[in-house]
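Breakdown of the fold
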Amino acid sequence: MPHPVKPWPYPRWIAHRGAGQLAPENTLAAFRVGASHGYRMFECDVKLSLDGVPFLLHDDTLVRTSNAHEQLGAGLSAVGGDHPWATLSQLDAGSWHSRAFAGEPLASLGAIAHFCLANAYCLNLEIKPTPGLERQTGAVVAEHAARLWADAAVPPLLSSFDVQSLQAAQGAQPQLPRALLLDSLWSGWLETARSLDCVAIVCEQLLWDAASSSQARSAGFRLLSYTVNEPTQAQRLIDLGLDGLITDRIDCFAPARQPPAN
Ligand code: G3P
Ligand code: MG
């Protein structure tokens, strides 16, 4: 007997890492660029500073997406979670992308929440745990999300590849919707998503086919995919009935022209 699908208040098209190709990923500037292209939902990666402030950063280290190497000095750790927010907030997270974004700071979760709530944008918060702090990152991000979105009509969707982080988020704020991220269909994926009481499963786009999508849908999950950057990929996934497509190509896919998921 198939399970009923969970309620789904989110739009189909989701800008990846804010909208992190035309602007520096995971910064407020990227969100603004995505919004200017008509996007109403964003995915971003969140982890903890040394003093427990949730902030946006994809990699474990600051090397690729900031000027940490100039600012922090030789010999100091480049790991994001090794620095307090007071230090991180002074870094330039825009110059690496292009001169137009020079001086763009790293974004705190608080700043992103403020922007999304003011504009009624939806958010998919990917918990990218600070290494060694998988449970703590999940719990602290969930606590902050519950407080920041306390009065919001649509809560952020918390997702992670890390099962421990999702378990901790579930323990801290069980009412916040969760999604299991998968880069392979490892043994027990469906049971794990069930045990985490997830509303959705977010797969690397090649993993969804007729069998996996019907298995997940019959179990009551919403289906999302990353990172969908080609029109043929998008059409295949739409034909499979996916609920959410996470893309870098905000210049290629126009969300306003796409019908919303049911
Ligand atoms: O949340 C979907 C996607 O962002 C997962 O991959 O490495 O871009 O965070 P990654
Ligand atoms: Mg991500």
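My aim in this report is to walk through the structure given alongside it, one point at a time. (Residues numbered from 1 in each chain as written. Chains lettered and ligands numbered in written order. Predicted model: local features only at pLDDT ≥ 70, side-chain atom pairs only at ≥ 80, totals over all residues. Heavy atoms only, no water.)

**Section: helix α5 (residues 134-148)**
The criterion, for reference: Runs of H or I in DSSP of at least four residues are treated as helices and runs of E of at least two as strands, each being numbered from the N terminus. A helix is expected to reach a length of 1.5 Å times the quantity of its residues less one. The cut-offs for exposure are 20% and 50% of the maximum accessible area for each residue type, with area from a 1.4 Å probe on protein chains only; residues under the lower value are buried, those over the upper are exposed, and the others partly exposed. By definition, the arc is the one covered by directions from the helix axis to the C-beta atoms.
Between the first and last C-alpha of α5 there are 21 Å, a value that for 15 residues agrees with the 21 Å anticipated at 1.5 Å per step. Among the residues of α5, T137, G138, V141, A142, A145 and A146 are the ones counted as buried. Here the buried residues of α5 occupy an arc of 155° about the axis, which is enough to place them on one side.

**A few points about the state of the cysteines**
Let me state the cut-off plainly: Any pair of cysteine sulfurs within 2.5 Å is marked as a disulfide.
Scanning the entire structure with this criterion turns up zero disulfides. C116 provides the cysteine sulfur closest to C122, a residue in no disulfide bond, and the two sulfurs are 8.4 Å apart. Owing to a relative accessible area of 10%, C122 belongs among the buried residues under this scheme.

**With respect to empty space enclosed by the protein**
Operational definition: Space inside and on the surface of the protein is sampled on a 1 Å grid over the protein atoms alone, with a cavity defined as a set of points where a 1.4 Å probe fits but cannot get out and a pocket as an open set with protein on both sides within 12 Å along at least 5 of 7 lines; lining residues have an atom within 4 Å of a point. Grid points are joined across faces, edges and corners, and a volume is the space filled by probe spheres set on the points. Any residue that is not Ala, Val, Leu, Ile, Met, Phe, Trp, Tyr, Cys, Pro, Asp, Glu, Lys or Arg is counted as polar, Gly included; the first ten are nonpolar and the last four charged.
Evaluated as defined, the whole model comprises one cavity of 30 Å³ or more. The wall of the largest cavity is formed by E25, N26, T27, L56, L57, H58, T65, A93 and L106. Class assignment of the residues belonging to the lining of the largest cavity gives a composition of four nonpolar, four polar and one charged.

**Some words on helix α4 (residues 109-119)**
Defined as follows: Throughout, a residue-residue contact means that at least one pair of heavy atoms, one from each residue, lies within 4.5 Å.
Burial in α4 covers these residues: L109, I112, A113, F115 and C116. Along the axis of α4, the buried residues cluster in a sector spanning 165°; they form a single face. When the buried face of α4 is taken as reference, the exposed residues oriented beyond 90 degrees from it are H114 and A118. At its buried positions, α4 is contacted by α1 (28-36), β2 (41-48), β3 (54-56), β4 (122-127) and α5.

**Some thoughts on the packing of aromatic side chains**
Here a ring pair, both rings aromatic, is described through the centre-centre distance and the interplanar angle of the planes. Selection rule: Two aromatic rings from Phe, Tyr or Trp, using only the six-membered ring of Trp, form a pair when their centres are within 6.5 Å; if the ring planes differ by under 30 degrees the pair is stacked, by over 60 it is edge-to-face, and anything between is tilted.
Inspection of every chain in the model, using the stated rule, returns eight aromatic pairs. Put simply, the rings of F31, F42, F115 and Y121 pair up and form one aromatic cluster.

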